[in-house]
Number of protein chains: 6
Amino acid sequence: MKNSGAKGGRPISRYPVPDLAGLPEDIRTRIMKVQEKSGFVPNVFLALAHRPDEFRAFFAYHDALMEKQGGLSKAEREMIVVATSGANACHYCVIAHGAILRVRAKDPLVADQVAINYRKADITPRQRAMLDFAMKVARESQAVDDADFESLRRHGFSDADIWDIGAIAAFFALSNRMANLTAMRPNDEFYLMGRLPRQK
Amino acid sequence: MKNSGAKGGRPISRYPVPDLAGLPEDIRTRIMKVQEKSGFVPNVFLALAHRPDEFRAFFAYHDALMEKQGGLSKAEREMIVVATSGANACHYCVIAHGAILRVRAKDPLVADQVAINYRKADITPRQRAMLDFAMKVARESQAVDDADFESLRRHGFSDADIWDIGAIAAFFALSNRMANLTAMRPNDEFYLMGRLPRQK
Amino acid sequence: MKNSGAKGGRPISRYPVPDLAGLPEDIRTRIMKVQEKSGFVPNVFLALAHRPDEFRAFFAYHDALMEKQGGLSKAEREMIVVATSGANACHYCVIAHGAILRVRAKDPLVADQVAINYRKADITPRQRAMLDFAMKVARESQAVDDADFESLRRHGFSDADIWDIGAIAAFFALSNRMANLTAMRPNDEFYLMGRLPRQK
Amino acid sequence: MKNSGAKGGRPISRYPVPDLAGLPEDIRTRIMKVQEKSGFVPNVFLALAHRPDEFRAFFAYHDALMEKQGGLSKAEREMIVVATSGANACHYCVIAHGAILRVRAKDPLVADQVAINYRKADITPRQRAMLDFAMKVARESQAVDDADFESLRRHGFSDADIWDIGAIAAFFALSNRMANLTAMRPNDEFYLMGRLPRQK
Amino acid sequence: MKNSGAKGGRPISRYPVPDLAGLPEDIRTRIMKVQEKSGFVPNVFLALAHRPDEFRAFFAYHDALMEKQGGLSKAEREMIVVATSGANACHYCVIAHGAILRVRAKDPLVADQVAINYRKADITPRQRAMLDFAMKVARESQAVDDADFESLRRHGFSDADIWDIGAIAAFFALSNRMANLTAMRPNDEFYLMGRLPRQK
Amino acid sequence: MKNSGAKGGRPISRYPVPDLAGLPEDIRTRIMKVQEKSGFVPNVFLALAHRPDEFRAFFAYHDALMEKQGGLSKAEREMIVVATSGANACHYCVIAHGAILRVRAKDPLVADQVAINYRKADITPRQRAMLDFAMKVARESQAVDDADFESLRRHGFSDADIWDIGAIAAFFALSNRMANLTAMRPNDEFYLMGRLPRQK
C-alpha cells in the first residue's frame with residue numbers, strides 16, 4: 001500500500017508510510033471507512049498513521065471542529081481551512097480541502113478564489129468578515145482583541161461561532177505545519193474533484 | 001471554581017469557565033490529577049474544558065508529544081515550546097511552559113533566555129540547531145526542505161527526533177493561537193516556579 | 001458584450017468594459033483572433049481595452065516575452081507567471097495562466113502546485129532555480145546580484161535566458177497590479193481548462 | 001557609444017549596450033530625439049535597446065501613462081514614480097525620475113523628500129492621498145478595495161485619475177525590476193539636474 | 001573584576017571588560033555608587049566602560065530620560081523599556097529592566113507580561129496607548145504622525161510626556177543594539193529580583 | 001531665531017524651538033561654533049536644544065563616535081549613517097548626512113547611491129561588508145553573531161572597527177527615531193551641498 005495513489009511513484013511523505021495491514025485496528029477501520037466513502041484514501045491518513053497516537057489525536061481534533069453542528073456551514077468551515085492554508089503555502093491542505101470545499105459549496109470556483117485572495121472571492125460580506133478573522137488568527141493571533149469579537153458579532157456570529165472560526169484556523173496552523181514538515185503529497189484525485197457539473 | 005487562581009478576579013478566558021462539578025468524569029479526573037501533582041490547576045485545563053471534545057483531543061495530542069520517550073529530553077521539548085511561543089507572543093505558553101522548563105532543566109535562567117532570544121541562551125550547539133529548526137517550522141514551514149534534515153542529522157538527531165521537533169512546534173502553533181483567541185491567562189503561580197534554589 | 005463571460009453577471013472590472021463594436025480596428029481584430037483560437041475572450045482583453053494605448057503596449061510587451069523563441073519552454077515561461085502571481089495574490093493571473101500552464105505543460109497538476117508552493121512542485125532542479133530567481137525579482141529585486149547570475153549559469157541558463165526569467169517576473173509585477181487595481185475577474189472557463197485527460 | 005555617460009567607465013548595464021549605429025531606425029530616432037531635448041542620452045534607452053521589441057513596448061507604455069493629459073499634473077506623475085521607486089530601492093529610477101520631478105515641479109527639494117519618506121514631504125493632502133494609494137498598489141495590490149476608491153474620490157480624484165495613479169505604480173513595478181535586473185546605472189547628469197535656481 | 005557576576009565564568013561581553021582599578025575616576029565612582037545601591041554591578045556598566053567616552057554619553061542620556069520628573073511614573077518608563085526591548089529581542093534589557101520594572105511597579109507579574117505581549121498585560125488603557133506609541137517609534141518611526149499625538153493627548157498625555165515616551169523608545173533602540181552587538185549578558189541577580197513578596 | 005532656515009516658514013520641529021539667547025551658555029557656544037564652521041545652523045541643534053540635558057548627551061555621543069580617530073575614515077562613518085537612515089526612512093538624517101558624506105568623500109554621487117540601495121553604490125567590497133553589517137545592526141541586531149565578526153575580520157576590520165560600525169548604526173537608530181518623533185526638518189542648504197565641483 002506504500003505510496004499508493006501517488007503520481008508516478010512519487011513519495012507521499014518524507015517518512016515511511018505503514019501498510020494498512022500492520023496498523024492498529026481502530027486506525028485501519030477509520031481508513032477503510034474513508035476509502036469507502038471517497039473511493040480512495042487521502043494521503044494524510046497514511047502519512048500520519050506513521051505515529052498512531054498522534055494520528056488519533058489529530059483526527060479526534062479534526063472531527064470535533066469540522067464535523068460538528070453549529071452556526072457555520074460545512075462549506076464555511078472549509079473556506080477557513082483553504083484561506084489559512086493558502087496563507088501558509090500548504091500544498092496538501094489547499095489541494096485536498098479545496099476539493100472538499102468545492103463539493104460542500106457545490107461551487108467549482110470558490111476554492112481557487114479563496115486560496116489565492118479571499119478578498120476577491122464570490123463570498124458574502126459575513127463570510128469575508130469570518131475569513132478576515134481567521135487570517136488574523138493564522139498570522140498574528142497575538143493581536144486578537146475585543147474589537148475583533150465585536151465586529152464579528154455585528155455580522156451575526158455568536159461567541160461559539162467565533163471560537164469555531166479561531167479554532168479551525170488554529171488547528172490548521174498545526175495541520176499545515178505537519179504537512180510541510182512531512183512534505184505530504186495530496187492525492188491526484190483531489191485536483192479535479194468538484195470541478196465538473198455533476199461530480200460529487 | 002470560576003476563574004480561581006486568577007489575580008484580583010481577572011478572568012482567565014474570554015469564554016465561560018465550567019465548574020469542576022459539572023464536567024464529564026474523564027475531564028474532571030484529569031484535572032484533579034494535575035492539581036494533585038502541581039498543587040494548583042493550570043488555567044489551560046479550565047479554559048479548554050469549555051469544549052470537552054476539543055479538550056480531550058488537545059491533551060491527547062499534547063501527551064503524545066510531550067510525555068513520550070525519545071531522543072529529546074523533556075527539558076528540550078519545553079525549550080521548543082518556549083522559543084516558538086515567544087515568537088508567537090503567546091502570554092500563557094511562555095509563562096506556563098517557561099516554568100516547566102525551569103523545573104525540568106533545573107535551571108532558573110534558561111527559560112527567560114530562550115523566550116527572549118534563543119540565539120543568546122545558555123544552550124548547546126545541538127540545542128541551538130534544534131531551535132533554529134523549530135522556529136522555521138513555526139514561522140515559515142513552507143520553506144522546510146531536505147537541507148534542514150541533513151543539517152539536523154549532522155547534529156545527531158534521528159528522523160524520529162526531527163518529527164518530534166517539528167510536531168511540537170506545530171502543536172504549539174495551535175496551542176498559542178487558542179491561548180491568544182481565548183485571552184487565556186496564566187496562573188500567578190507559574191511566574192515564580194523553578195526560580196528558587198530548591199523549589200520543585 | 002459588456003461583462004460577457006462573467007459568472008451570474010458579476011462585473012469583470014471596476015472600470016467600464018467597452019463594446020467590441022466601438023473598439024479601434026486593431027484591438028477588435030486582436031480580440032477576435034484570440035476568441036477564435038480559445039473559443040472565448042479572456043477578460044484581460046476586455047478590461048484593458050478600456051484604455052487602447054495601454055492595451056497595445058501591454059500586449060506588445062506580453063508577446064515580446066511570452067511568444068518568442070529562446071532557452072525557456074513556453075510551459076516554463078508560464079511557470080514563472082503562475083509562481084510570481086501567486087506571491088502577489090493575483091486572482092486573474094493565477095487562474096488564467098494556471099490554465100495556460102496546464103495546457104502547455106500537458107500536466108493537470110503542476111499549475112496548482114506552482115501557485116501554492118513552487119518548492120514542493122513536480123519540477124526539475126533547473127526549474128526550481130529558475131523560480132527561485134523569478135521570486136527574488138518579484139519580491140526583492142533590489143537584492144539581485146552577480147551571485148544569482150552565477151548560480152543560474154551553473155544550471156545551464158544563458159544570460160539571455162536570465163533576462164527572460166527576470167523580465168517575465170517584472171512584466172507580471174505590472175500585470176498583477178493592473179488586475180488587482182481593476183479587480184479583474186478571470187473567465188469561468190479557465191478553472192477547468194487543461195484538467196481533463198484530452199482537453200485542449 | 002558603449003557605456004557613454006558612465007562614470008569612470010563603469011558599466012551602465014549587466015548586458016551589452018548596442019551601438020546607436022546598429023539599432024533599428026525607429027529606436028535610433030527616438031534616442032536621438034531625447035538626446036536633442038535633454039543634452040544626453042538617459043541610460044535606460046541604451047540599456048533597454050538590447051532588446052528592441054521590449055524597448056518599443058516599454059516606451060509606448062511609458063508614454064501612454066506619463067505623457068498624456070489628465071487630472072494629474074506631470075509633476076504628480078513623477079512623484080508617484082519617485083515614491084514607489086524608493087520603496088523598491090531602485091537606484092536608476094529614483095535618481096533619474098527624481099531629476100525629472102525637480103524640473104517639472106520647479107522645486108529642488110521635493111524629489112529627495114518623496115524618495116526618502118513621502119509622509120514628510122512638502123506636498124498637499126491630496127498628493128499625500130495619491131501617494132498612499134500608489135504605495136499600496138506597489139506593495140500590496142491584493143488588498144486594494146472599494147474603500148480606497150472612495151477615499152480618493154473624496155480628495156477629488158476621478159476614476160480615470162485613480163487608474164492613472166495605479167497604472168503608473170504598476171508600470172514602475174516593472175521598470176524598477178528591469179533596472180534592478182540589469183543593474184542599470186543612472187547618468188551622472190541626473191544627480192544635479194533641477195537643483196540649481198535656473199537650471200532647466 | 002573581569003566578568004565578575006557572570007554565571008559559570010561565561011563572558012559578559014564580546015569585548016574586554018576593564019578592571020575597576022584602571023577606569024577613569026568618574027566612571028569608577030559611578031560604578032561603585034550603583035554597586036552600593038544595588039548590591040552588585042549591573043553588567044552594562046562593565047561592558048560599556050570599555051569605551052569611556054561612550055559610557056559617559058550613554059549614562060548621561062539614560063539619566064536624562066529615566067531619572068527625571070514628569071508625567072510618566074518611573075514604572076511607566078520601565079514599561080516602555082521592557083516592551084520595546086522585547087520587540088528587539090534584547091536579552092540584557094528585557095532581563096535587567098524587567099527586574100527594575102517589578103521593583104518600581106511593586107508588581108511581580110507585569111514585567112513578563114509586557115515583555116511577551118503588552119496587549120495582554122495588566123495595565124491601564126492609558127498605559128496601553130503609551131506602549132502602542134512606543135512600539136510604533138521602535139518599529140516604524142517613519143510613520144509617526146499628528147494622529148498619534150492627538151490620540152495620546154486624548155489619554156491625557158502632554159506633549160512633554162509624548163517626547164518622553166518617544167525618546168525612551170529611541171534611546172533603547174540604541175541600547176538594545178549595543179547589547180546585541182556586544183552580546184551583553186545580564187547578571188544572574190536580575191532574574192529573581194522583585195519576584196518575592198518583600199524583596200526590594 | 002525660531003525656525004530660521006526653514007523653507008517658507010515651515011516648522012523645523014513639532015516642538016518649540018528655543019531662541020539662541022535663552023539657551024544655556026555651553027549649548028549656545030556649541031551652536032555658534034557650528035554656525036561659524038558651516039555658515040548656518042543645522043536644524044538638529046535647534047530642535048534638540050528644546051531639552052538641554054538630552055542635547056548634551058546626544059552630541060557627546062555623536063562626537064565620541066563620529067569625530068574620533070580609528071580604522072574607519074570619516075566618509076565611511078557617514079556612509080553608515082546614510083545607509084541605515086535610508087532604511088529607517090529618516091528624512092533629516094539622509095539629507096543632512098548625505099551632504100556631509102558628499103563633502104567628506106569628495107564625491108557628489110555616493111550619498112544618493114548609498115541612501116537608495118547601498119548594494120549598487122560605487123563603494124569597495126570592504127565598504128560593502130561594512131554596510132551589510134551596519135544594516136544588520138539597524139534591522140535585526142538580535143541575529144548578530146560570531147560569524148558576522150569573522151566575516152568582517154576577513155575584510156581587515158579590527159574588533160574596534162566593528163564596535164564603531166555597530167555603535168554608529170545603533171546611535172543613528174536613536175537619532176532617526178528622534179528626528180521622526182519631532183518631524184525634524186533638514187535645512188534647505190543641505191540638499192545642494194557637495195554636489196558642485198568645488199563646493200566645500
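Please read these numbers as outputs of a predicted model, since none were measured by experiment. (Residues numbered from 1 in each chain as written. Chains lettered and ligands numbered in written order. Predicted model: local features only at pLDDT ≥ 70, side-chain atom pairs only at ≥ 80, totals over all residues. Heavy atoms only, no water.)

### A few points about the overall build of chain A
What chain A contains, in helices and strands, is 10 helices and 0 strands. On C-alpha atoms alone, chain A measures out to a radius of gyration of 17 Å, which is about the 16 Å that the 2.2 N^0.38 rule sets for 200 residues. By its C-alpha atoms, chain A is 50 × 40 × 30 Å across when sized along the principal axes. Buried residues in chain A amount to 60% of all 200 residues. Restricting to contacts in chain A with at least 6 residues of sequence separation, those with at least 24 account for 65%. Within the structure as shown, chain A displays about 7,300 Å² of accessible surface, and the carbon and sulfur contribution to it stands at 51%. If you average the places of the 29 positive and of the 24 negative side-chain charges in chain A, the two averages end up 5 Å apart. (Helix = DSSP H or I, 4+ residues; strand = E, 2+ residues; numbered from the N terminus. Rg over C-alpha atoms; globule rule 2.2 N^0.38 Å. Buried < 20%, exposed > 50% of the residue type's maximum accessible area, 1.4 Å probe, protein only. Contact = heavy atoms within 4.5 Å. Areas by Shrake-Rupley, 256 points an atom, 1.4 Å probe, with all protein chains shown as cover. Lys, Arg positive; Asp, Glu negative; His and termini not counted. Charge placed at Lys NZ, Arg CZ, Asp CG, Glu CD.)

### Comments concerning helix α6 (residues 110-117) of chain B
The element α6 of chain B is extensively covered by neighbouring structure, given that 7 of its 8 residues are classed as buried. Among all positions in α6 of chain B, only Val110, Ala111, Asp112, Gln113, Val114, Ile116 and Asn117 of chain B are buried. Of the surrounding elements, those touching the buried residues of α6 of chain B are α4 (74-87), α5 (91-105) and α7 (125-140) of chain B together with α5 (91-105), α9 (159-182) and α10 (189-192) of chain E.

### What to know about the packing of helix α3 (residues 52-66) of chain E against helix α3 (residues 52-66) of chain F
Closest axis-to-axis distance for the α3 of chain E/α3 of chain F pair is 8 Å, and the angle between their directions is 160°. When the interaxial angle is binned, α3 of chain E and α3 of chain F end up roughly antiparallel. Between α3 of chain E and α3 of chain F lies a crossing whose hand is left-handed. Facing α3 of chain E, whose interface residues are Asp53, Glu54, Ala57, Phe58, Ala60, Tyr61, Ala64 and Leu65 of chain E, α3 of chain F presents Asp53, Glu54, Ala57, Phe58, Ala60, Tyr61, Ala64 and Leu65 of chain F. Here the contact of α3 of chain E with α3 of chain F is composed, by residue class, of 12 nonpolar, no polar and 4 charged. (Axes fitted to C-alpha atoms, helices over the stretch in contact; angles between N-to-C directions. Parallel < 35°, antiparallel > 145°, perpendicular 65-115°, else oblique. Left-handed = near helix turned anticlockwise from the far one by under 90°. Nonpolar A, V, L, I, M, F, W, Y, C, P; charged D, E, K, R; others polar.)

### Topic: the relation of the copies chain B and chain A
Each copy superposes on the other: chain B lies on chain A with an RMSD of 0.0 Å after a rotation of 180° and an axial shift of 0.0 Å. In the structure described here, the two chain copies are related by an operation that fits a two-fold rotation axis. The share of interface residues of chain B whose copies in chain A are also at the interface is 100%, consistent with both copies meeting through the same surface. (Least-squares fit on C-alpha atoms with pLDDT ≥ 70 in both.)

### A look at the pattern of salt bridges
Two side chains carrying opposite charge are able to pair once their charged atoms lie near each other. Here the structure, examined in full by the defined rule, presents 110 salt bridges over all chains. Residue Arg195 of chain B is joined to Asp112 of chain B by a salt bridge in which the shortest nitrogen-to-oxygen separation is 3.0 Å. Here Asp112 of chain B lies in helix α6 and Arg195 of chain B lies in the segment after α10 (189-192), a separation of 83 residues in the sequence. When its relative accessible area of 6% is taken as the criterion, Arg195 of chain B is described as buried. The class of Asp112 of chain B is buried, set by a relative accessible area of 13%. The shortest N-O distance in the salt bridge between Arg153 of chain D and Asp159 of chain D comes to 2.8 Å. Given a relative accessible area of 30%, Asp159 of chain D falls into the partly exposed group. Within the structure, one salt-bridge network assembled from shared partners comprises Arg51 and Glu54 of chain A together with Lys68, Arg77 and Asp164 of chain B. (Salt bridge = Lys/Arg side-chain N within 4 Å of Asp/Glu carboxyl O.)

### Some remarks on the interface of chain B and chain A
Every contact between the two is made by 43 residues of chain B and, on the other side, 43 residues of chain A. Buried area between chain B and chain A, summed over both chains or domains, comes out near 3,600 Å², and the portion from carbon and sulfur atoms is 65%. Of all residues in chain B, Tyr61, Trp163 and Arg177 of chain B bury the most surface against chain A, accounting for 24% of the area lost on that side. Connecting chain B to chain A are 4 salt bridges. In this structure, Asp146 of chain B engages Arg14 of chain A in a salt bridge whose closest nitrogen and oxygen atoms are separated by 2.5 Å. In this assembly, chain B and chain A are joined by 20 residue pairs in polar contact (both at pLDDT 80 or more). With 17 residues, helix α9 (residues 159-182) of chain B is the single largest residue contributor to the side of chain B that touches chain A. Class assignment of the residues belonging to the side of chain B that touches chain A gives a composition of 25 nonpolar, 8 polar and 10 charged. (Buried area = accessible area lost by both parts, 1.4 Å probe. Polar contact = N/O pair within 3.5 Å; in protein donor to acceptor, adjacent residues only side chain to side chain.)

### Some details on the arrangement of the chains
Nothing in chain B touches chain D, and the closest approach of their C-alpha atoms is 19 Å. Regarding chain C and chain E, the two do not touch, and the least distance separating their C-alpha atoms is 19 Å.

### Regarding the environment of Ser13 of chain D
Residue and element names in this part refer to chain D. With respect to the helices and strands, the residue Ser13 is situated in the segment before α1 (25-38). Classification of Ser13 as buried rests on a relative accessible area of 9%. In this structure the C-alpha to C-alpha distance between Ser13 and Leu152, which are 139 residues apart in sequence, comes to 38 Å. Leaving out residues up to four positions away in the same chain, Ser13 has contacts with Ala47, Thr182 and Ala183. Separated by 2.9 Å, the side chain of Ser13 and the backbone nitrogen of Tyr15 make a polar contact.

### Regarding the packing of aromatic side chains
Residue and element names in this part refer to chain F. What the rule picks out here adds up to 72 aromatic pairs over all chains. Aromatic pair Tyr61 and Phe171: ring centres 5.4 Å apart, planes at 35°, arrangement tilted. With Tyr61 in helix α3 and Phe171 in helix α9 (residues 159-182), the pair connects residues that are 110 residues apart, well separated along the chain. Taking the relative accessible area as the measure of exposure, Phe171 reaches 0% and is therefore buried. (Phe/Tyr/Trp six-rings, centres within 6.5 Å; stacked < 30°, edge-to-face > 60°.)

### Notes on the environment of Met66 of chain F
Residues and elements named next belong to chain F. For Met66, the location among the structural elements is in helix α3. For Met66, a relative accessible area of 2% translates into the label buried. Each C-alpha atom, one on Met66 and one on Ala96, is 14 Å from the other, the two residues being 30 residues apart in sequence. Met66 has contacts with Lys74, Arg77, Glu78, Val81, Arg104, Ile168 and Phe172, leaving out every residue within four places of it along the chain.

### Comments concerning the side chain of Gln113 of chain C
Following the sequence through the fold, Gln113 of chain C ends up in helix α6 (residues 110-117). Within polar-contact distance, the side chain of Gln113 of chain C engages the backbone nitrogen of Asp122 of chain C at 3.0 Å. Contacts of Gln113 of chain C, omitting those with residues within four sequence positions, involve His91, Arg185 and Tyr191 of chain A together with Tyr118, Ala121 and Asp122 of chain C.

### A closer look at the environment of Asp145 of chain E
If you trace the backbone, Asp145 of chain E turns up in the loop between α7 (125-140) and α8 (146-154). Residue Asp145 of chain E is classed as partly exposed on the basis of its relative accessible area, which comes to 26%. Residues Asp145 of chain E and Ala96 of chain E, spaced 49 residues apart in sequence, show a C-alpha to C-alpha distance of 32 Å. Among all residues touching Asp145 of chain E, those that are not within four sequence positions of it are Lys136 of chain E together with Arg14 of chain F.

### Remarks on unusual backbone geometry
Even without a glycine there, the phi angle at Lys106 of chain B is positive, about 50°. The residue Lys106 of chain B is located in the loop between α5 and α6 in this model. Of note in this structure, Ala89 of chain C is not a glycine but carries a positive phi near 50°. Looking at the secondary structure, you find Ala89 of chain C in the loop between α4 (74-87) and α5 (91-105).

### Concerning the packing of helix α5 (residues 91-105) of chain D against helix α6 (residues 110-117) of chain F
Taken N-terminus to C-terminus, the directions of α5 of chain D and α6 of chain F make an angle of 130°; their axes are 9 Å apart at the nearest point. The angle between α5 of chain D and α6 of chain F falls in the class oblique. In this structure, α5 of chain D crosses over α6 of chain F, and the sense of that crossing is right-handed. Facing His91, Val94 and Ile95 of chain D of α5 of chain D, the residues of α6 of chain F in contact are Asp112, Gln113 and Ile116 of chain F. Residue classes in the contact of α5 of chain D with α6 of chain F are distributed as 3 nonpolar, 2 polar and 1 charged.

### Notes on the state of the cysteines
All names here are of chain F. Scanning all chains against the criterion turns up 0 disulfides over all chains. With no disulfide of its own, Cys90 has Cys93 as its nearest cysteine by sulfur position, at a separation of 3.4 Å. You can call Cys90 buried: its relative accessible area is 0%. (Disulfide = S-S within 2.5 Å.)

### Remarks on the side chain of Arg51 of chain D
Mapped onto the secondary structure, Arg51 of chain D falls in the loop between α2 (43-48) and α3 (52-66). For Arg51 of chain D, a relative accessible area of 12% translates into the label buried. For Arg51 of chain D, the side chain forms a polar contact with the side chain of Asp164 of chain C, separated by 2.8 Å. Beyond its immediate chain neighbours, meaning those up to four positions away, Arg51 of chain D contacts Lys68, Ala160, Trp163 and Asp164 of chain C.

### A few points about the confidence of the model for chain A
All names here are of chain A. Mean pLDDT over chain A works out to 94, with 94% of the residues at or above the 70 mark. Overall, residues 1-7 carries pLDDT values under 50, and its contacts beyond four positions in sequence, including any with other chains, amount to 20 contacts. With a pTM of 0.95, the predicted complex shows an ipTM of 0.95. (pLDDT = per-residue confidence, 0-100.)

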